[in-house]
Amino acid sequence: MEKYSRGHSDFINDADLDALILKTKEDKLRIRDVLSKSMSKVALSAEECAALIAAEDEDTVEEIKEAARKLKKEVYGNRIVIFAPLYIGNHCINDCEYCAFRKSLRTTVRKTLTENELVSEVKALENVGHKRLILVFGEHPDYSPGFIADTVRKVYSVKSGHGEIRRVNINAAPMDVEGFRIVKDSGIGTYQIFQETYHHKTYEKMHPKNTCKGDYLYRQDGLSRAFEAGCDDMGIGALFGLYDWRFEAIALVKHSLYLQERYGVGPHTISFPRIRPAHGVELDSRYFVSDKDFVKLIAILRLSVPYTGMILTARESAKIRNEALGFGVSQIDAGSCIELGGYAKGKEKNEGNKEQFSLSDTRSMEEIVNELIQTGYLPSFCTSCYRLGRTGKVFMEYAIPGFIGDFCTPNALLTLKEYLLDYASEETKGKGLDLINNEMQKISDLSRRKIVNEKLKALDDDQRDMLF
Ligand code: SAM
Ligand code: SF4
């Protein structure tokens, strides 16, 4: 079997990207042109993204943020999709400088969930209302494609009352095409691979050559191989703080364009985690991204890849997450615990040396849902698109012209009501039901509204999973 996908080429040239950043000067007129292109929901080029990045003047940056806010409203409305990470095992044969799971760190307590522990973790997640998980794995021969696929099947099979997991995403090492096929057959949603840094030199520094992850190109090509194996739902990302954020932002745009041009499908999601403190990890802070730049970066990514979901995890504080929701972010995790076996144990009992890094936003699911509703967002537990085959090219067709609102808002209302009936406190339930009533009035197509209303009523009669 070929190591790389057919015709793969490295789409990042460090010198060219560094030069692009250097030569692109702030130009207000150009920025306005780029913003209007973006508002017509067309993906931006690397040069156009660089033009937005060059904005320094505060008013211009505000214009960019305002445009991102508007675009987000148009494409995604006020929905915020909720998920949780579930760490399956932290054995790892790699030695990434920034990660507490790296093999040379002897103080990390190594663990892979047993089948019983896996069931307990999934039940604990279902019992607070989760429907959508991302399973996270270190890279290790124990975590073969077959093992990952079996884990996914097991997760889908666990039920607790009305609780069930309806979508399982994966964050794991890149595989060969056959490996991706095996995992795909277990019914996964998104396969997420972060390049960490697209800058070759920095990549080399962070990932020793003699480790699997030391092969930059193999990782960069990972999602292309996934596509060849039939996975058309891909998540890209970079770990911000390893190299210049401007370089990484443009590289993410280039990766999106590369996938879109080659396969007709861009990434389903983009992640932009910032480095977090982790036990046994000491990093050079030279490239750490300030809050101010981070918010600007999120707005620019929103505008550059308008059709793509943007994920901001609990690595970030509640304050930054709340701010970022306004102009770009469409998916957040809630009530997260990244210690292996931590959900079933409960927050207080966790120790810290089984964690990959420390989390900043430690609010519970109930608190997050309550706050989202309070601030006018519509928490969504929807998993419909991929279950009804609206992925890849089909998803792009829905997303780009904005048709997605026809499906997403009704599904958000239905899944929120399920959550409110089954898991919420009385206070959250009251607020949430009011929100659902208000949102129903906004559905202008009356026959659509009638059908949604009938499905909402069926939930009161104990029916569940009334998806569109
Ligand atoms: N082992 C697989 C890999 O490396 O692709 C997947 C799982 S890894 C546990 C998930 C992601 O966590 C990594 O891709 C990296 O971006 C992120 N990560 C690692 N260390 C981190 C840290 N100290 N702070 C924030 N994110 C970190
Ligand atoms: Fe292993 Fe992934 Fe951590 Fe690297 S980032 S040490 S590959 S778990």
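Sequence order as written defines the numbering, with residues in each chain counted from 1. Starting at A for chains and at 1 for ligands, labels are handed out in the order in which the entities are written. Only residues with pLDDT of at least 70 get local features here, since the model is predicted, and only at 80 or more are side-chain atom pairs given and counted; chain-wide, interface and lining totals rely on the full set of residues. Remark: hydrogens and water are excluded; side-chain values derive from all non-hydrogen atoms of the structure.

## A few points about the pattern of salt bridges
Two side chains bearing opposite charge may form a pair once their charged atoms approach each other closely.
Link 1 in the chain: Whenever a carboxyl oxygen of Asp or Glu lies within 4 Å of a side-chain nitrogen of Lys or Arg, that contact is scored as a salt bridge. Within the structure shown, the criterion is met by 36 salt bridges.
Link 2 in the chain: Asp233 is the partner of Arg167 in a salt bridge, and the nearest nitrogen-oxygen pair spans 3.0 Å. Taken together, the residues span a long stretch of sequence, with Arg167 in strand S5 (residues 167-171) and Asp233 in the loop between helix H10 (222-228) and strand S7 (234-238) at a distance of 66 residues.
Link 3 in the chain: In this structure Arg167 comes out as buried when scored by relative accessible area, which is 3%.
Link 4 in the chain: Exposed residues in this analysis have more than 50% of their type's maximum accessible area, buried residues have under 20%, and partly exposed residues fall in between, with area computed by a 1.4 Å probe over protein chains only. Overall, Asp233 belongs to the buried group, its relative accessible area being 5%. A helix here means a DSSP run of H or I that spans at least four residues, while a strand means a run of E at least two residues long, and both kinds are numbered starting from the N terminus.

## Focus on the nonpolar core
Link 1 in the chain: The biggest cluster of nonpolar side chains holds 149 residues, and the ones touching the most others in it are Leu86, Leu135, Ile170, Tyr198 and Phe272.
Link 2 in the chain: Here the element with the most residues in this core is helix H11 (residues 245-263); it accounts for eleven residues.
Link 3 in the chain: Contact between two residues is taken to exist if any of their heavy atoms lie within 4.5 Å; hydrogens are not considered. Ignoring anything within four residues of it in the chain, the contact list for Phe272 reads Ala238, Phe240, Phe294, Ile298, Leu301, Met310, Ile311, Leu312 and Val329. Throughout, nonpolar core names a set of buried Ala, Val, Leu, Ile, Met, Phe, Trp, Tyr and Cys residues whose side chains join them through atoms within 4.5 Å.

## Focus on unusual backbone geometry
Link 1 in the chain: If you check the backbone angles, Asp462 has positive phi at about 75° while not being a glycine.
Link 2 in the chain: Locating Asp462 in the fold gives a position in the segment after helix H20 (446-460).
Link 3 in the chain: At Asp465, a position not held by glycine, the phi torsion is positive, near 60°.
Link 4 in the chain: By secondary structure assignment, the location of Asp465 is in the segment after H20.
Link 5 in the chain: With relative accessibility at 23%, the residue Asp465 sits in the partly exposed group.

## Some points on the side chain of Thr308
Link 1 in the chain: In this structure, Thr308 sits in the loop between helix H12 (291-304) and strand S9 (309-312).
Link 2 in the chain: Two N or O atoms form a polar contact when they lie within 3.5 Å of each other; inside protein one atom must be a possible hydrogen donor and the other a possible acceptor, and for residues adjacent in sequence the pair counts only when both atoms belong to side chains. For Thr308, the side chain forms a polar contact with the main-chain oxygen of Pro267, separated by 2.9 Å.
Link 3 in the chain: Apart from residues lying up to four places away in sequence, Thr308 is in contact with Tyr76, Pro267, His268, Thr269, Ile270 and Arg302.

## A few points about the packing of helix H2 (residues 28-39) against helix H4 (residues 58-76)
If you want to describe how two helices pack, look at the angle between their axes and the distance between the axes.
Link 1 in the chain: To get an axis, a line is fitted to the C-alpha atoms, and for a helix only the part in contact is used. The angle between two axes follows their N-to-C directions and goes from 0 to 180 degrees. Closest axis-to-axis distance for the H2/H4 pair is 10 Å, and the angle between their directions is 5°. Taken together, the axis directions place H2 and H4 in an arrangement best described as roughly parallel. Every residue of H4 that contacts H2 at Lys28, Ile31, Arg32, Leu35, Ser38 and Met39 is listed here: Thr60, Glu63, Ile64, Ala67, Lys70, Leu71 and Glu74.
Link 2 in the chain: In this classification, Asp, Glu, Lys and Arg are treated as charged, Ala, Val, Leu, Ile, Met, Phe, Trp, Tyr, Cys and Pro as nonpolar, and every other residue, Gly included, as polar. Partitioned by chemical class, the residues of the contact of H2 with H4 number six nonpolar, two polar and five charged. What sets the label is the angle itself: under 35 degrees gives roughly parallel, over 145 gives roughly antiparallel, 65 to 115 gives roughly perpendicular, and the rest give oblique.

## Concerning the packing of aromatic side chains
Aromatic ring pairs are reported here in terms of the distance separating the ring centres and the angle at which the planes meet.
Link 1 in the chain: Here a Phe, Tyr or Trp ring, Trp counted by its six-membered ring, pairs with any other such ring whose centre lies within 6.5 Å, and the pair is stacked when the planes are under 30 degrees apart, edge-to-face when over 60, and tilted otherwise. By the definition in use, this model includes 14 aromatic pairs.
Link 2 in the chain: Here the aromatic rings of Phe137 and Phe147 are separated by 6.3 Å at their centres, their planes lie at 85°, and the arrangement is edge-to-face. Here the residue Phe137 occupies a position in strand S2 (residues 132-137), and Phe147 occupies one in helix H6 (residues 145-157), the gap between them amounting to ten residues.
Link 3 in the chain: Judged by relative accessible area, which is 26%, Phe147 ranks as partly exposed.
Link 4 in the chain: For the pair Tyr243 and Phe247, a centre-to-centre distance of 5.2 Å together with 80° between the ring planes defines the contact as edge-to-face.

## Describing the site of ligand 1
Link 1 in the chain: If you check the shell around ligand 1, you find 20 residues, and the closest are Asn171, Glu196, Lys213, Arg219 and Gln356.
Link 2 in the chain: One of the backbone nitrogen or oxygen atoms of Tyr98 is found 2.9 Å away from a nitrogen atom of ligand 1.
Link 3 in the chain: Contact with the protein chains covers 96% of the free accessible surface of ligand 1, which is 560 Å².
Link 4 in the chain: When grouped by side-chain class, the residues that make up the shell around ligand 1 number ten nonpolar, three polar and seven charged. We call a residue near a molecule or strand as soon as one heavy atom of that residue lies within 4 Å of the molecule or strand. All accessible areas in this document rest on Shrake-Rupley with a 1.4 Å probe, and a residue is counted as covered only by the protein chains that are shown.

## What to know about the domain arrangement of the protein chain
How big an interface is tends to be reported as the loss of accessible area on association of its parts.
Link 1 in the chain: Parsing the protein chain into structural domains produces domain 1 (14-71), domain 2 (78-363) and domain 3 (394-460).
Link 2 in the chain: Where a domain begins and ends is set by an automatic assignment or by a domain database. Between the C-alpha centres of domain 2 and domain 3 there is a distance of 28 Å.
Link 3 in the chain: Each partner contributes to the interface: domain 2 provides 16 residues, whereas domain 3 provides 14 residues.
Link 4 in the chain: Together, the buried faces of domain 2 and domain 3 total about 1100 Å²; carbon and sulfur atoms form 58% of this surface.
Link 5 in the chain: For Glu418, the salt bridge goes to Arg166, with nearest N and O atoms at 3.1 Å. Throughout, buried area stands for the accessible area (probe radius 1.4 Å) lost by two parts on being put together, summed over both.

## Some words on a negative patch on the surface
Link 1 in the chain: Together, Glu26, Asp27, Asp33 and Glu56 give the surface a local cluster of negative charge.
Link 2 in the chain: If you trace the backbone, Glu56 turns up in the loop between helix H3 (46-53) and H4.
Link 3 in the chain: Taking relative accessible area as the criterion, Glu56 reaches 58% and is therefore assigned exposed. The patches reported here contain residues having more than 30% relative accessible area and no salt bridge. Joining distances are 9 Å for like charges and 5 Å for nonpolar side chains (Val, Leu, Ile, Met, Phe, Trp, Tyr). Charge counting treats Lys and Arg as positive and Asp and Glu as negative, with His and both chain ends excluded. To locate a charge, the coordinates of NZ of Lys, CZ of Arg, CG of Asp or CD of Glu are taken.

## Structural notes on the site of ligand 2
Link 1 in the chain: If you check the shell around ligand 2, you find Cys92, Asn94, Cys96, Tyr98, Cys99, Phe101, Arg102, Gly138, Lys213 and Gln356 and nothing else.
Link 2 in the chain: The residue makeup of the shell around ligand 2, split by class, is five nonpolar, three polar and two charged.

## Regarding the pairing of strand S1 (residues 79-89)
Link 1 in the chain: Burial within S1 is extensive, with eleven of its eleven residues counted as buried.
Link 2 in the chain: Pairs of strands are assigned from DSSP output, requiring at least two bridges between the strands. Bridge analysis of S1 against strand S11 (residues 378-380) gives three bridges, and the strand direction is parallel. In the strand pairing of S11, Ile80 is matched with Pro379.
Link 3 in the chain: As paired elements, S1 and strand S10 (residues 331-333) share three bridges and run parallel to each other.

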